[in-house]
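So the chains spell out like this:
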Amino acid sequence: MAQGNNYGQSSNGVADESPNMLVYRKMEDVIARMQDEKNGIPIRTVKSFLSKIPSVFSGSDIVQWLTKNLSIEDPAVYLCKRTMQNKARLELADYEAESLARLQRAFARKWEFIFMQAEAQAKVDKKRDKIERKILDSQERAFWDVHRPVPGCVNTTEVDIKKSSRMRNPHKTRKSVYGLQNDIRSHSPTHTPVPETKPPTEDELHQEIKHWQMQLDRHRLKMSKVAESLLAYTEQYLEYDPFLVPPDPSNPWISDDTTFWELEASKEPGQQRVKRWGFGMDEALKDPVGREQFLKFLESEFSSENLRFWLAVEDLKKRPIREVPARVQEIWQEFLAPGAPSAINLDSKSYDKTTQNVKDPGRYTFEDAQEHIYKLMKSDSYPRFIRSSAYQELLQAKKKLENTLDRRTSFEKFTRNVGRNIPIFPCHKNCTPTLRASTNLL
């Protein structure tokens with residue numbers, strides 16, 4: 001009697017494309033290759049004490065065949081070779097480093113052989129032309145990005161089983177006891193009916209394309225790099241945190257001594273304040289003395305109009321709203337109008353936008369122009385200020401002054417402690433007035 005259904009076919013003779021069948025076909029292909037007479041798993045007869053067992057293969061034979069024919073070692077060779085090449089350009093990502101460690105544990109016994117393969121491939125690559133080597137590296141990396149994608153991404157070389165299942169059975173049905181077709185989702189208390197999805201319109205598709213393009217253009221960093229930057233920032237500002245490092249003078253949040261705050265607000269900055277100006281332009285602009293020194297440096301280079309414009313815009317943001325329109329016109333006439341006495345250099349895009357904003361003045365009329373000038377100072381004027389002799393001499397002078405004060409303070413503390421520990425004896429009535437006076441001083 002013939003079977004009603006062939007394997008891999010539905011009752012109507014059409015090939016079954018269910019998710020399970022996709023997996024079964026892959027298993028079939030591997031088993032068929034294993035049974036191949038020439039390239040399959042070697043089958044032999046095993047002799048026991050009294051009998052022979054024909055057509056036998058062991059589990060180790062299966063593992064060796066899979067390792068040899070399914071290219072399981074290729075990712076290990078590729079990742080190992082990447083570690084031998086230019087680290088700046090081909091540095092392993094976090095998930096790749098984890099994969100390499102996992103493969104190293106799996107192939108611990110033959111890792112030396114894998115390392116030799118990677119080393120041989122790396123030597124061959126070094127003999128190639130530089131352009132050809134870059135092209136081959138890009139092709140190889142693209143291949144493994146497709147076949148071994150980032151965790152969480154869909155492998156485009158394989159069929160998505162879940163998606164195929166949803167497409168195959170969009171509405172699972174079952175027969176009720178009355179012989180009728182019932183929708184599981186509509187009659188189950190744990191499911192609610194899902195409305196039919198409409199195809200997206202042209203405008204929606206354009207919006208979605210625009211959204212994903214913006215996502216592609218976003219700047220991304222590895223978590224390891226972010227952690228390194230955070231650690232460097234913490235170490236850099238460690239000595240400025242009075243809760244972690246005891247300040248000299250004492251911490252005003254713990255004691256009643258406000259000398260620390262008075263020194264921070266004084267116009268004679270200490271070595272720590274001057275050193276902090278070199279951390280970034282924001283630090284120099286936040287400190288009134290640092291801002292003053294930076295302005296003096298720009299005046300010596302005849303480019304102070306940039307900082308004066310930036311400060312004027314910052315002041316504009318704090319003005320009462322009734323004073324804003326008049327102040328906007330003053331800034332425009334001084335820095336941006338044709339023939340302005342302190343004209344600044346703006347790109348055409350920022351200038352055009354600022355020109356439009358001036359027609360409807362507000363606190364943020366010059367936002368684009370201010371951002372452009374800020375980037376210009378940060379990339380050009382500020383580095384030259386930090387390298388200038390004026391800043392370096394000020395830093396060294398404050399450092400020497402603080403060392404002198406530290407030595408003087410230490411000597412005073414020492415003499416004060418010594419004075420406390422010396423006992424005072426009563427003076428003899430026959431001693432000289434000078435000796436009596438010196439004894440009383442102690």
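Residues numbered from 1 in each chain as written. Predicted model: local features only at pLDDT ≥ 70, side-chain atom pairs only at ≥ 80, totals over all residues. Heavy atoms only, no water.

Caption draft 1: Here's a closer look at a nonpolar patch on the surface. A cluster of nonpolar side chains, namely Leu238, Phe243, Leu244, Trp253, Ile254 and Trp261, defines an oily patch on the protein surface of about 750 Å² accessible area. Since its relative accessible area comes to 69%, Ile254 is described here as exposed. (Patch = residues over 30% accessible without salt bridge, like charges linked within 9 Å, V, L, I, M, F, W, Y side chains within 5 Å. Areas by Shrake-Rupley, 256 points an atom, 1.4 Å probe, with all protein chains shown as cover. Salt bridge = Lys/Arg side-chain N within 4 Å of Asp/Glu carboxyl O. Buried < 20%, exposed > 50% of the residue type's maximum accessible area, 1.4 Å probe, protein only.)

Caption draft 2: Fine view of the environment of Phe57. Residue position: Phe57 is located in the loop between strand S2 (52–56) and helix H2 (59–69). A residue is classified by how much of its surface remains accessible, and Phe57, at 39% relative accessible area, is partly exposed. Between the C-alpha atoms of Phe57 and Val46, which are eleven residues apart in sequence, the distance is 8.9 Å. Setting aside residues no more than four positions away along its own chain, Phe57 makes contact with Ile41, Pro42, Ile43 and Ile62. (Helix = DSSP H or I, 4+ residues; strand = E, 2+ residues; numbered from the N terminus. Contact = heavy atoms within 4.5 Å.)

Caption draft 3: Geometry of the environment of Ile62. Within the fold, Ile62 resides in helix H2. When the C-alpha positions of Ile62 and Gly40 are compared, they lie 9.6 Å apart, and in sequence the two are 22 residues distant. In this structure Ile62 touches Met34, Ile41 and Phe57, once residues within four positions along its chain are discounted.

Caption draft 4: Local environment of the packing of helix H3 (residues 74–84) against helix H7 (residues 130–147). Where H3 contacts H7, the axes come no closer than 12 Å and their chain directions differ by 135°. Considering the angle they form, H3 stands oblique to H7. Crossing hand, H3 versus H7: left-handed. Between H3 and H7, the residues in contact are Asp74, Pro75, Tyr78, Lys81 and Arg82 and Glu140, Arg141 and Trp144, respectively. (Axes fitted to C-alpha atoms, helices over the stretch in contact; angles between N-to-C directions. Parallel < 35°, antiparallel > 145°, perpendicular 65-115°, else oblique. Left-handed = near helix turned anticlockwise from the far one by under 90°.)

Caption draft 5: Inspection of helix H16 (residues 305–317) at higher detail. Over its 13 residues, H16 extends 19 Å from the first C-alpha to the last, a length consistent with the 18 Å expected when each residue adds 1.5 Å. Of all the residues in H16, the buried ones are Glu305, Asn306, Leu307, Phe309, Trp310, Ala312, Val313 and Leu316. Where H16 is buried, its residues meet helix H14 (281–286), helix H15 (288–300), helix H17 (324–336) and helix H19 (367–387). (Expected span 1.5 Å × (residues − 1).)

Caption draft 6: Focus on the packing of aromatic side chains. Following the criterion strictly, the structure yields 13 aromatic pairs and no others. Seen in terms of ring centroids, Tyr233 and Tyr237 are 4.6 Å apart; in terms of plane orientation they differ by 40°. Their pairing is tilted. Taken together, a centroid distance of 6.0 Å and an interplanar angle of 85° make the contact between Phe309 and Phe366 edge-to-face. Here Phe309 is found in helix H16, whereas its partner Phe366 is found in the loop between helix H18 (348–358) and H19, with 57 residues between them in sequence. Counting every residue linked through ring pairs, the aromatic cluster contains Trp277, Phe294, Phe297, Tyr382, Phe385 and Tyr391. Above the ring of Tyr240, the side-chain terminus of Arg276 is found at 4.9 Å from the ring centroid. (Phe/Tyr/Trp six-rings, centres within 6.5 Å; stacked < 30°, edge-to-face > 60°. Lys NZ or Arg CZ within 6 Å of the ring centre and 35° of its normal.)

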